[in-house]
Amino acid sequence: MNFEINTPMEIAAIISLVLLFVALILTFIRLALGPSLPDRIVALDLIALLILGVIIAYVALTKEIVYLNATVLLALITFLATVAFARYLEKRVL
Amino acid sequence: MRNLIKMILKIPTFIVFLIFYIEEVVRANLQVAYDILTPKHFMKPGVIAIKMDVESDIEILSLNNLITMTPGTLSLDVSTDRKVIYVHAMYIYDADELKKQIKSGLEKKIMGLYR
Amino acid sequence: MIILEWIASIFLVTGAFFMLVAALGVIKLPDVFTRMHAATKASSFGTGLMLVGTIAYFREPFIFLESLLVIVFIFLTAPVASHMIGRAAYLLKVPLWQGTVVDQLHGKYNLHTHELLSDSPPADSQNIAKDLKD
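Position labels on residues start from 1 in each chain and follow its written sequence. The order in which chains are written sets their letters, starting at A; the order in which ligands are written sets their numbers, starting at 1. Given that this is a predicted model, residues contribute local features only at a pLDDT of at least 70 and side-chain atom pairs are listed and counted only at 80 or more, while totals for whole chains, interfaces and linings are drawn from all residues. Just so you know, side-chain values use all the structure's heavy atoms and leave hydrogens and water out.

## Here we look at the interface of chain C and chain A
Here's step 1: Any pair of residues with heavy atoms lying within 4.5 Å of one another is described as a contacting pair. The partner chain A presents 48 residues to the 51 residues of chain C that form the contact.
Here's step 2: Accessible area that two parts lose when put together, evaluated with a 1.4 Å probe and summed over both, is termed the buried area. Where chain C abuts chain A, roughly 4,300 Å² becomes buried across the two surfaces, and 81% of that area is made up of carbon and sulfur atoms.
Here's step 3: When the area that chain C buries against chain A is broken down by residue, the three leading residues are Ile27, Met84 and Ile85 of chain C, summing to 12%.
Here's step 4: We count a salt bridge whenever a side-chain nitrogen from Lys or Arg sits within 4 Å of a carboxyl oxygen from Asp or Glu. Linking chain C with chain A are two salt bridges, by the criterion used here.
Here's step 5: Distance and chemistry together define a polar contact, namely a pair of N or O atoms within 3.5 Å, with one atom able to donate a hydrogen and the other to accept it when in protein, and with adjacent residues in sequence counting only for side-chain atoms on both sides. In this assembly, chain C and chain A are joined by six residue pairs in polar contact (both at pLDDT 80 or more).
Here's step 6: Comment: elements are numbered from the N terminus, with helices defined as DSSP H or I runs of at least four residues and strands as E runs of at least two. Residue assignment for the side of chain C that touches chain A shows that the elements contributing at least two residues are α1 (2-28), α2 (32-58) and α3 (61-91) of chain C.
Here's step 7: Here the side of chain C that touches chain A takes 17 residues from α3 of chain C, the largest share from any one element.

## Digging into the packing of helix α2 (residues 57-69) of chain B against helix α3 (residues 95-114) of chain B
Residue and element names in this part refer to chain B.
Here's step 1: Orientation is described by lines fitted to C-alpha atoms, with helices fitted over the stretch in contact, and by angles between N-to-C directions that extend from 0 to 180 degrees. Following both chains from N to C, one finds α2 and α3 inclined at 135 degrees, their axes separated by 10 Å at the closest point. Considering their axes alone, α2 and α3 lie oblique with respect to each other. Of the two possible hands of crossing, α2 and α3 adopt the one that is right-handed. Seen from α2, the contacting residues are Ile58, Glu59, Ser62, Leu63, Leu66 and Ile67; seen from α3, they are Ile102, Leu106, Glu107, Ile110 and Tyr114.
Here's step 2: Looking at the contact of α2 with α3, its residues break down into eight nonpolar, one polar and two charged. Oblique is the label for every angle not falling under 35 degrees (roughly parallel), over 145 degrees (roughly antiparallel), or within 65 to 115 degrees (roughly perpendicular). For any helix crossing, the convention is left-handed if the near helix is rotated counterclockwise from the far helix by under a right angle, and right-handed if that rotation is clockwise. Charged residues are taken to be Asp, Glu, Lys and Arg, nonpolar residues to be Ala, Val, Leu, Ile, Met, Phe, Trp, Tyr, Cys and Pro, and polar residues to be all remaining types, Gly included.

## A short note on the sheet that holds strand β3 (residues 84-89) of chain B
Here's step 1: Read from one edge to the other, the open sheet built from four strands follows the order β2(B)-β3(B)-β1(B)-β1(C), with strand pairing classed as mixed. Whereas interior strands pair on both sides, the edge strands pair on one side only; in this sheet they are β2 (73-78) of chain B together with β1 (102-103) of chain C.
Here's step 2: Strand pairing follows a simple DSSP-based rule, namely that at least 2 bridges must link the two strands. As paired strands, strand β1 (residues 46-51) of chain B and β3 of chain B are joined by six bridges and run antiparallel to one another. Within β3 of chain B, the residue paired with Ile48 of chain B across the bridge is Val87 of chain B.
Here's step 3: Seen against the sheet, α2 of chain B touches β2 and β3 of chain B and runs at an angle of roughly 145 degrees to β2 of chain B.
Here's step 4: Packed on one face of the sheet, α2 of chain C meets β2 and β3 of chain B and runs near 110 degrees to β2 of chain B.

## Focus: the arrangement of the chains
Here's step 1: Here two pairs of chains make contact, and the pair sharing the most contacts is chains A and C.
Here's step 2: Here chain A and chain B are not in contact; the least distance found between their C-alpha atoms is 13 Å.

## Looking at the interface of chain C and chain B
Interface size is commonly expressed as the accessible area that is lost once the parts come together.
Here's step 1: Tallying the contact residues gives 42 residues for chain C and 46 residues for chain B.
Here's step 2: Interface area, chain C with chain B, both sides summed: about 3,500 Å², of which 69% is carbon and sulfur.
Here's step 3: On the chain C side of the contact with chain B, Lys28, His37 and Lys41 of chain C bury the most area, a combined 19% of that side's loss.
Here's step 4: The tally of links between chain C and chain B comes to one salt bridge.
Here's step 5: Of the charged contacts in the structure, one is a salt bridge between Arg87 of chain C and Asp77 of chain B, with a shortest N-O distance of 2.6 Å.
Here's step 6: Across the chain C-chain B interface, the total number found is nine residue pairs in polar contact (both at pLDDT 80 or more).
Here's step 7: Of all the secondary-structure elements, those providing two or more residues to the side of chain C that touches chain B are α1, α2, α3 and β1 of chain C.
Here's step 8: The biggest single contributor to the side of chain C that touches chain B is α2 of chain C, with ten residues.
Here's step 9: Considering only residue class, the side of chain C that touches chain B consists of 24 nonpolar, twelve polar and six charged.
Here's step 10: Bridge count for β1 of chain B against β1 of chain C is two bridges, and the pairing is parallel. Paired with Gly46 of chain B across the two strands is Val102 of chain C, which belongs to β1 of chain C.

## A word on α2 of chain B
Because an α-helix completes one turn every 3.6 residues, residues spaced three or four positions apart along the sequence face the same direction.
Residues and elements named next belong to chain B.
Here's step 1: Between its first and last C-alpha, α2 extends 18 Å over 13 residues, near the 18 Å set by a 1.5 Å rise per residue.
Here's step 2: Counting buried positions over the 13 residues of α2 gives ten, a clear majority of the element.
Here's step 3: For the exposure calls, accessible area comes from a 1.4 Å probe over protein chains only, and a residue counts as buried if that area is under 20% of its type's maximum, exposed if over 50%, partly exposed in between. Taken as a whole, α2 has its buried residues at Glu59, Ile60, Ser62, Leu63, Asn64, Asn65, Leu66, Ile67, Thr68 and Met69. The span expected for a helix works out to 1.5 Å for each residue beyond the first.

## Examining unusual backbone geometry
Residue and element names in this part refer to chain C.
Here's step 1: The backbone of Arg59 sits at a positive phi, close to 55 degrees, despite the residue not being glycine.
Here's step 2: In this fold, Arg59 is placed in the loop between α2 and α3.
Here's step 3: Classification of Arg59 as partly exposed rests on a relative accessible area of 41%.
Here's step 4: Despite not being glycine, Lys93 has its phi angle at roughly 60 degrees, a positive value.
Here's step 5: Along the chain, Lys93 turns up in the loop between α3 and β1.

The following block contains the structure:
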């Protein structure tokens, strides 16, 4: 992992990484507190999208475009996981 | 063959719809950001039922998507007989007014796109 | 091409800002449904803006296609996911915020079959539900 902070894009990537990590901490607080289970599912969904944002910022910082493939997979898996969780909760009510 | 011509004729409508969609998404996010970043919140949330005129699967899916992505509204569920859609809204000052807005604005767009 | 790089940087930072707004909303707003407003809209919009930033920065056809695919996928699936969570939350009887003004979904779910009625249940449905329980 070698990069220099010179161009505007690299500065922007560093700023967005900081913002995203603050957002991750806040979302983890909601995941821990969440009074009900649906609250926690919302937080998990948001965490997955935030990690997707971290990957994009990392790609913009180091210019290793191979990692952009991970965003496709993460988007697919997040959706499936959220739907599966919600479905499970709904069936458990019966 | 006729379907193909119909689809090609729909392309301008689709582009207009796409621009409308992007505009709505940007407005929705500016509103959400404003709501969250200003300290005092004067929300009036609630769940309202809206009768749908659209019938087919793809139209209902598009209406759901559009309602969720437009400012202040979030679609919760569609009734089993597919006649009513339940919408959670952030600001309900007048429920009937909001229903009329969604029916005349969004549903008309969907009908214009698919019919 | 330095202008395009500046534009891409602005898109990237704006996207990250909107994701921070989503996280703040999830912390601050009072109940599940209002939290879903923030989590669904702001996070998908933020991801979309960041991907547009990468498109404008790299300007390669493969990256364009891949990022466009992810944007379209996220914008198609985010409403479906929020729909599922909302349904599960209402069936689990998660309390709505006390400031909620109107709830027209109240009493429309059949808690045994999970059917959703389109208007008020008939008067004798209470008895039917009781019979099912016995």
